[in-house]
Amino acid sequence: MPKSTGVQLLNKTKNLYPNIVRILVTAYADIKANIEAINEGRIFGYLGKPWDLNEVKKMIKEALMEYRIRNNIIGLSGSIAHDVRNPLFSASLIT
């Protein structure tokens, strides 16, 4: 990527789409750069090149499951917040 690093791309993606599941795919063998991408980009998984097709398929399935879990948690937390807000709002009208 000529204009940015992978870490910058992962950070930008994380900031724009915080619920997306990010997978680092690289042929770059610099361990320091890979660790930085993992820590700062908060990636879900890591795939190195050359790819093993079975490993790629497994990673995609796991990432999809993680995405679904995250969305369920977000939906559940929204429902809980709604259930807590309604009685509190009603109580505030009484006082």
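Conventions used here
- Residues numbered from 1 in each chain as written.
- Predicted model: local features only at pLDDT ≥ 70, side-chain atom pairs only at ≥ 80, totals over all residues.
- Heavy atoms only, no water.
- Helix = DSSP H or I, 4+ residues; strand = E, 2+ residues; numbered from the N terminus.
- pLDDT = per-residue confidence, 0-100.
- Core = buried A, V, L, I, M, F, W, Y, C linked by side-chain atoms within 4.5 Å.
- Buried < 20%, exposed > 50% of the residue type's maximum accessible area, 1.4 Å probe, protein only.
- Contact = heavy atoms within 4.5 Å.

Asker: Give me the environment of Leu24: which residues, what numbers.
Answerer: The topology assignment puts Leu24 in strand β1 (residues 23-26). As a C-alpha pair, Leu24 and Gly6 span 18 residues in sequence and 8.4 Å in three-dimensional space.

Asker: Go over the confidence of the model for the protein chain with me, naming the residues and quoting the values.
Answerer: Counting all residues, the mean pLDDT for the protein chain is 79, and 82% of those residues have values of 70 or more. Helix α2 (residues 31-41) is the least confidently modelled element of the protein chain, averaging 76 in pLDDT, while strand β2 (residues 45-48) averages 83, the highest of any element.

Asker: Tell me about the nonpolar core, and name the residues and values.
Answerer: Counting 5 residues, the largest nonpolar core is built from Val7, Leu10, Leu24, Ala37 and Ile43. Each residue touching Val7, except ones within four places of it in the same chain, is listed here: Ala33, Glu36, Ala37 and Glu40.

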